[in-house]
Structures are given as C-alpha cells and as structure tokens.
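Breakdown of the fold
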Amino acid sequence: MQDKTTEIFRDAPVPKAVISNVIPSIVSMIMVLVYNLADTFFIGQTKDAYMVAAVSVATPAFLLFMAVGMLFGIGGTSLISRTLGEGNEEKARNASAFCFWTGLVIGIISMAVIFIFAEPVSLAIGASGETVGYASQYLRIVSTAIPFLIIGSSFSNIIRAEGNAQTAMMGMVIGNLINIVLDPVMILGFGWNVAGAAIATVLGNVFSAVFYIGHMLSKKAMLSIHPKYFKAQEGIAAGVFAIGVPASLNSILMSVSNIIVNNIMSGYGDMAVAGLGVAMKVNMIVVMLLIGLGTGIQPILGYCFGAGNRKRFLDVLKFSMILAFAISAVMTAVCYCGADPLVHAFLEDEDAFSYGMSFARIYIYSGPVIGLMFVFVNAIQSAGAALPALVLSISRQGLIYLPVLFLFRRIFDSAVMLAAAQPITDYMTTLLSVVLFWFTYKKYFPNHTA
C-alpha cells in the first residue's frame, strides 16, 4: 500500500496525481449534493411548504454531527498524509484507529441526547409552531444514524490519505444512492413524508459506514481500526485535533449561522425560510464540487509537506488553483442561468418561489472566487498549521459572516439583503485565505527541497 501511496502522491505527474484524487472526491460530493437535493425535492412533491421548511430547519442540527466527522476526517487525513510522507506507517495506523473509536463514542452519546431532546432542539434552531412537529420527527429518526454518519464522514476522508480515493468515493456513492432510491419510495410511495426522508437518510448512512468498516478490516487497507492500534499519546490526539477542530468549527459555525439566519428569516414568514433553504441547496451545486476539489488535493499536499518536497507542493497548488477557477466560472454561469427551473423543482408556492429565486441568484455571486478559497483552506490544513487554520475556520461563517449579517439586518431590514451577507463574506474570506496561506508557507514549510 505504501508503494501505491508513493506512486500517486510522489511520483505521478502533477495533473495525473491531482485529477486521480480530485475526480473521486468530486463524485462523492456530487452524490452528497444529489442526496441533499433529493430529500428536499421529494418532500416538495408533497406540496406542503411547511414540510420543506421543517427539513430546512432541521438541516443545521444534522450539520453539527457532520462537523464531528469532519473533525476526525480532516484532522486525521492531515496527520496521516504528513506521517506517510515521513515514512511512519505505524503512527498512521495509530491515528486512524484513534479517529474511529473516539468518533464512535461521541456518536453514541450524541444519538441519545438528540433522540431524547428532539423537540426542544427543533424549537431552538428555528422551528415554528407549524413546523416543530415535522422537524422534531425528522431529527428523532435521523439521530439513530449519528454514529454511522460520523464514521462515514470521517473515513470518506481518511481512506484518501492512503491513496485509496476510489474506495473513499464508493462508500459515499453506495450510501447516497441508497438514500436517493429510497426517498421517493418512502416519502411518496409509502406516504411517510418527513419520516420517510429521515429513514432513507438513516439507511444510507448505515450502509456507507459498514462499507468503510469492511474496507478497514480487509487486507487491502494499509490503515487500521483495530483496537490494538488505538493510541492518543505521542502527538496522535494533538495532531488530529490541531487541524480537525478548526475544520469542524467551520461546519459548526455554518450550522450556527444557518440557525441564526433561519431565526431571522422566520420574521419574514415560513415561506422565506423555505425559499432560503432551497436557495442554499442550489448554491451547494457549486460549493460541493469545489469542496470535493479541495479535499481531493489535501492528501497530496500533506504528503508533499511531510516529505519536505517544496517544488511538488507548489506545482500541485498552482494546478489546483487553475482547475478551481475553471470549475467555479462554469458552474456559476450554469447555476445563475438555471436558477428558475432549479428552484421551481422544489417550490410551487408563489411566495416561497419568489424568495427562493431572489436568494439563489444572490448566493451564487460568490461562485467565481470560492474555489480558490477551498484550495487555500486545504493547503493550510495539509501543512498542519493550526493557528491559520483556526483563524480561517472561524471567519467565513462566524468572525466575518455574523457581523456582516447583523449589520445588513440593521441597515436594510430586508430578507433579500440578508442573503447578500453570504457572498460578501465569501469574497472577504477568500482574500483572508490568500494572506494566511502565504503566512503558513513561509513559517511552516520545511526548508529542505527534496
């Protein structure tokens, strides 16, 4: 397995190395996107905008547990890829086992808490009297998948660190395909509505996690989840958390900011909340592709960093920036021009559709630069630069976004202008990511040029 990792990360031509890792990662993100869109689409076919609003409200809570998976997935990938670059396979196995067992324990505890307190949690994250029943029903069922969600989202990243990008992709594809196929059956066929969407989500996450566990227990895996490899000492826990916590903070703040904006939007009515939820999903078409590109290149950059190969690190970064800008430009044009049919696919209520169209067109304005931001984010994470990663993680959805959001609310008091806070924040964060990467490269990169 070390030979395969070396062949891809060290020896393959840069375009081949990047594309071979980025394509499976992007496919995985497309599947996540389709699954997210499918949930909302088939709930939308019930013609009940309150159900759409309820699922939109419940989504941020679900993102919180994806953030835990990201903590171990991004933190583990960063540490493992750097460790492999240094030639230390034993420590890489220690890190993968640590991520599995710690994530599993957190998942089980979280499952119990959400199952018991689903209704107060729903009210706290923006559910109204009309939507709290649907939202709490959705959350209670989905909570049973939290341990599997954390394992799946962790190892869809970690497995890439050993050079198995296609295996990482297959786990995501299997889980999301199951979800997508079951959505229409359970939501419309069985008439289970919101409960049907939740059950399909649970089953998809279970199958995805089981697939990854099967791989990690097989002889094909270089990494391991065997308890004998579990170790938190010798920089394992610190190495995972140093990058994982900032990465998960970004997702947590994204969830918190979504909760805040949902609560603010609820002042303009449930149709504004429904429209915002759909607009976010349309914007995800661009965002998820670019997240896939960023996560795809991180193991290569981490390996180059661990090996001290400055030239290859920069070559990978330059090629990735060009690719990111090209994808950003094309997908921004596609989503802007196709906003009408995309929003119409989810919303038929005239007021909700009007909000959705306005919000979707505004959100997509950040498309041209957001790809560059994700490239620099992952470059910083690959270097294990904890402080720059932390600063960047708390900026996009917190340190920059929330002040802009509240400023716009105070100045404009307009639902449409509140949506504009996100693209303005994205441009500011992209500029910050460039500055922080330059700082990271100068301070953290090894001086030798092997």
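Residues numbered from 1 in each chain as written. Predicted model: local features only at pLDDT ≥ 70, side-chain atom pairs only at ≥ 80, totals over all residues. Heavy atoms only, no water.

Some thoughts on the overall build of the protein
Across its full length, the protein carries 19 helices and zero strands. For the protein, whose C-alpha radius of gyration is 21 Å, the value lies close to the compact-globule estimate of 22 Å for 450 residues. Along the first, second and third principal axes, the C-alpha set of the protein runs to 60 × 40 × 35 Å. Buried positions account for 61% of the 450 residues belonging to the protein. Contacts spanning at least 24 positions in sequence make up 85% of the contacts within the protein whose residues lie at least 6 apart. (Helix = DSSP H or I, 4+ residues; strand = E, 2+ residues; numbered from the N terminus. Rg over C-alpha atoms; globule rule 2.2 N^0.38 Å. Buried < 20%, exposed > 50% of the residue type's maximum accessible area, 1.4 Å probe, protein only. Contact = heavy atoms within 4.5 Å.)

Some thoughts on the pattern of salt bridges
Applying the stated criterion across every chain yields a total of four salt bridges. Among the ionic pairs, glutamate 234 bridges to lysine 231, the shortest N-O distance being 3.5 Å. We classify glutamate 234 as exposed; its relative accessible area is 61%. Residue classification places lysine 231 among the partly exposed residues on the basis of a relative accessible area of 25%. The residue aspartate 315 makes a salt bridge to lysine 311 at a minimum N-O spacing of 2.9 Å. One end of the pair is aspartate 315 and the other is lysine 311, both in helix α12 (residues 310-337) and four residues apart, which spans about a single turn. (Salt bridge = Lys/Arg side-chain N within 4 Å of Asp/Glu carboxyl O.)

A few points about the packing of aromatic side chains
Aromatic rings in a pair are described by how distant their centres are and how their planes are angled relative to each other. The full count for this structure, using the stated rule, is 17 aromatic pairs. Cation over ring: arginine 140 sits above phenylalanine 115, and NZ or CZ is 5.9 Å from the ring centre. A cation sits over an aromatic face here: arginine 361 above tyrosine 336, 4.4 Å from the ring centre. (Phe/Tyr/Trp six-rings, centres within 6.5 Å; stacked < 30°, edge-to-face > 60°. Lys NZ or Arg CZ within 6 Å of the ring centre and 35° of its normal.)

Details of the nonpolar core
If you look at the biggest cluster of nonpolar residues, it comprises 150 residues, and the most contacted ones within it are Phe155 and Met265. Counting residues per element, this core draws most heavily on helix α11 (residues 270-307), at 23 residues. Those residues within four positions of phenylalanine 155 in sequence are excluded, and the remaining contacts are Ser96, Phe100, Tyr212, Met216 and Ile225. (Core = buried A, V, L, I, M, F, W, Y, C linked by side-chain atoms within 4.5 Å.)

Observations regarding the packing of helix α4 (residues 89-116) against helix α7 (residues 146-158)
At a minimum axis separation of 7 Å, α4 and α7 run at an interaxial angle of 150°. Compared by their axis directions, α4 and α7 come out roughly antiparallel. For the pair α4 and α7, the sense of crossing is right-handed. In this structure, α4 contributes Ser96, Cys99, Phe100, Gly103, Leu104, Ile106, Gly107, Ile108, Ser110, Met111 and Ile114 to the contact, and α7 contributes Ile146, Pro147, Ile150, Ile151, Phe155 and Ile158. Split by residue class, the contact of α4 with α7 holds 13 nonpolar, four polar and no charged. (Axes fitted to C-alpha atoms, helices over the stretch in contact; angles between N-to-C directions. Parallel < 35°, antiparallel > 145°, perpendicular 65-115°, else oblique. Left-handed = near helix turned anticlockwise from the far one by under 90°. Nonpolar A, V, L, I, M, F, W, Y, C, P; charged D, E, K, R; others polar.)

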